[in-house]
Amino acid sequence: MMQSLSKLFDDIRKLVEGKYKEYSDELRRAQESWNAYQSIVNKIKRNWDFDEALLYSRLDQMRREIDELKKQMELLAAQKDIGLIDDDAFAKSSAELNEIMTSLSKTYEDLSSKLEELSSLVTDHWLRSIDITKTSLEQIDNMLKEVEDAKARNELSEEVYRRLKREAEMLRKAVQAFSMLREAPSNGDEKEKKEDGSAQL
């Protein structure tokens, strides 16, 4: 009997220790991959925070040029109305301006769409990489205050300001949701409460 009991315990020990090693190794590799992912994403985020302002500034430059072309079109129409240019000259010049504006506007819209998509992807990965278990609402409030202060000092463009504020608000919601999950009673706790209540009755 003692021999069979010893074998039973030895088999169980081998099973538990084997699974312990298996899962410990897998979790270690997962943590290493996670650390590498966080490092890569943080580097991308830092670079994007710098490049985004530059890219939106150049897009804004493109938009201003398109606005100037619209003003030229309005000026051309005014010149025609007061007889400074004839109908043929107006038709030719306006057709050329319209062609240029259509092409530039399409380019502007395509580039704006790419930047919005890229910003969304960077934000998505950045939020995923943050360990919300170690992030407090106070830290997020401080982040929001820094963003507002930088905007008041005219250090941020409107696009970057909106993006930073949106990221902070998204992070706040994630931390709040995690806090609610952490504070919610588990199924085991609920079961114990019910059992305690039944015992008292």
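These figures come from a predicted structure and were not determined experimentally.

Colleague: Would you explain the environment of Leu164 in this entry?
Modeller: Residue placement: Leu164 occurs in helix H4 (residues 158-183). Residues Leu164 and Leu69, 95 residues apart in the sequence, show an inter-C-alpha distance of 32 Å. Residues in contact with Leu164, not counting those within four places in the same chain, are Val147 and Leu156.

Colleague: What is the right way to look at the nonpolar core in this model?
Modeller: Listed in full, the nine residues of the largest apolar core are Val41, Trp126, Leu127, Ile130, Ile140, Leu144, Ala168, Leu171 and Val175. Counting only elements with at least two residues in this core, the list comes to helix H2 (87-129), helix H3 (137-152) and H4. The element best represented in this core is H4, accounting for three residues. Setting aside residues no more than four positions away along its own chain, Leu127 makes contact with Glu167, Met170 and Leu171. One finds Leu69, Leu76, Leu97 and Met101 within the second-largest nonpolar core, a separate group that totals six residues.

Colleague: Is there a simple way to think about the packing of helix H1 (residues 2-81) against H4 in this case?
Modeller: To describe two helices that pack against each other, one gives the angle between their axes and the distance between the axes. The interhelical angle for the contact between H1 and H4, taken along N-to-C directions, is 145 degrees, at an axis separation of 9 Å. Together, Lys45, Trp48, Asp49, Glu52, Ala53 and Tyr56 of H1 and Glu159, Val160, Arg163 and Glu167 of H4 make up the contact between the two elements. Within the contact of H1 with H4, the residues separate by chemical class into four nonpolar, no polar and six charged.

Colleague: What is the right way to look at the packing of aromatic side chains in this model?
Modeller: Any two aromatic rings considered together are summarised by their centre-to-centre distance and by the angle between their planes. Scanning the model with the defined rule gives one aromatic pair in all. Across from the ring centre of Phe90, 5.6 Å away, lies the NZ or CZ of Lys80, which sits over that ring. Above the face of the Tyr161 ring, Lys151 is positioned so that its terminal group lies 5.3 Å from the ring centre.

Colleague: What's the story with the side chain of Glu52 in this structure? I'm lost.
Modeller: Considering the arrangement of structural elements, one finds Glu52 in helix H1. Residue Glu52 is classed as buried on the basis of its relative accessible area of 1%.

What counts and what doesn't
- Residues numbered from 1 in each chain as written.
- Predicted model: local features only at pLDDT ≥ 70, side-chain atom pairs only at ≥ 80, totals over all residues.
- Heavy atoms only, no water.
- Helix = DSSP H or I, 4+ residues; strand = E, 2+ residues; numbered from the N terminus.
- Contact = heavy atoms within 4.5 Å.
- Core = buried A, V, L, I, M, F, W, Y, C linked by side-chain atoms within 4.5 Å.
- Buried < 20%, exposed > 50% of the residue type's maximum accessible area, 1.4 Å probe, protein only.
- Axes fitted to C-alpha atoms, helices over the stretch in contact; angles between N-to-C directions.
- Nonpolar A, V, L, I, M, F, W, Y, C, P; charged D, E, K, R; others polar.
- Phe/Tyr/Trp six-rings, centres within 6.5 Å; stacked < 30°, edge-to-face > 60°.
- Lys NZ or Arg CZ within 6 Å of the ring centre and 35° of its normal.

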